[in-house]
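Take a look at the letters that make up each chain.
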Amino acid sequence: MLRVEDIHTYYGPSYVLHGISLNVQEKEVVSLLGRNGAGKTTTIRSIMGLTPPREGNITFLGEKIARRPPHEIFCLGIKLVPQGRQILPTLTVEENLKLALLKADLEGSQKETLGRVYEKFPILETRKKQPGGHLSGGERQMLAIARVLLGKTNLILLDEPTEGLAPLIVQETKDIILDIKKEGVAIFIAEQNIKMALETADRHYIIDKGKVAFEGSGPELTESRDVMESYLGISA
Ligand SMILES: Nc1ncnc2c1ncn2[C@@H]1O[C@H](COP(=O)(O)OP(=O)(O)OP(=O)(O)O)[C@@H](O)[C@H]1O
Ligand SMILES: [Mg+2]
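Below: a short report on this structure. (Residues numbered from 1 in each chain as written. Chains lettered and ligands numbered in written order. Predicted model: local features only at pLDDT ≥ 70, side-chain atom pairs only at ≥ 80, totals over all residues. Heavy atoms only, no water.)

Below, the discussion takes up the environment of Ala38. Considering the arrangement of structural elements, one finds Ala38 in the loop between strand E3 (29–33) and helix H1 (40–48). Along the backbone, Ala38 and Ser230 are 192 residues apart, and their C-alpha atoms lie at a distance of 13 Å. The contact partners of Ala38, leaving out residues within four places of it in the chain, are Ile207, Asp208, Lys209 and Gly210. (Helix = DSSP H or I, 4+ residues; strand = E, 2+ residues; numbered from the N terminus. Contact = heavy atoms within 4.5 Å.)

What follows is the structure, given as structure tokens:
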């Protein structure tokens, strides 16, 4: 459903992605692994239209999306959960969700839609009157994910969802990802936590210095000791 072909992305004069190609199929969970500064966020920003690639093509459900504005890409059903879970700290949990509903331009009653969110994330209902800024890291992650599930969502881009979370919350986040996967939504997840990637994704890419260094299944990855060591710093 998503096809990224030989994209080259820059921040001003700084050349960051040197020809990345990858794809995500319908209902698939795909991970993007790589060290700090490898280009994971830049890949996600390129797909979402936030830092458009200077060269190369991106198609989604057969439509060209490279260099189209982010809101158009959003309307096609690609939703971003950014690194650092940027929720609005001064708005309450419920206000954060209502704003996402507005953006998603949803039909149907707000109450019903919010009800479904609270069913999936009960913790958000108990916290609904609290400002987003008062939530714990895990709760912010839930809110950030809940927001993107409102409205039409075909593909979720998750940028390092477990960064800085306690192990128990990492586990909870993993369960939520598997839950969303069961519903048939495709997920592209940038991670440094290899365990998390192996437990959630069907297929993996590793990027290094803005290039794809590996592509394969979980077993292919764990069996490639060189790859694990060179690009992820994991020695077997
Ligand atoms: N706004 C920016 N302006 C200039 N250079 C940037 C900018 N953002 C990132 N870079 C550079 O681009 C390269 C790739 O960064 P990117 O954020 O995509 O890496 P990452 O894989 O997401 O890393 P991390 O795991 O730390 O989030 C790095 O060398 C980084 O310094
Ligand atoms: Mg990043």
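Here the narrative resumes.
Further remarks concern the site of ligand 1. Around ligand 1, the surrounding shell holds 13 residues, and the nearest of these are Gly37, Lys40, Thr41, Thr42 and Glu160. For ligand 1, an oxygen atom lies 3.0 Å from a polar atom in the side chain of Asn36. A distance of 2.9 Å separates an oxygen atom of ligand 1 from a polar side-chain atom of Gln192. For ligand 1, the accessible surface in isolation is 640 Å², of which the surrounding protein chains cover 60%. Ranked by residues supplied to the shell around ligand 1, first place goes to H1 with 3 residues. In the shell around ligand 1, the residues fall into 3 nonpolar, 7 polar and 3 charged. (Near = heavy atom within 4 Å. Polar contact = N/O pair within 3.5 Å; in protein donor to acceptor, adjacent residues only side chain to side chain. Areas by Shrake-Rupley, 256 points an atom, 1.4 Å probe, with all protein chains shown as cover. Nonpolar A, V, L, I, M, F, W, Y, C, P; charged D, E, K, R; others polar.)

In this section: the sheet that holds strand E1 (residues 2–11). In a beta sheet, neighbouring strands are held together by backbone hydrogen bonds and run either parallel or antiparallel to one another. Strand order in the open sheet made by the 4 strands is E2-E1-E4-E5, with antiparallel pairing throughout. The open sheet terminates on both sides in strands that have one partner only, identified here as strand E2 (14–24) and strand E5 (63–64). The sheet contact formed by strand E4 (residues 55–60) and E5 spans 2 bridges and is antiparallel. Residue pairing across strands places Thr59 opposite Lys64, the latter belonging to E5. (Pairing = 2+ DSSP bridges.)

Keep in mind that these numbers describe shape and distance, not what the molecule does.
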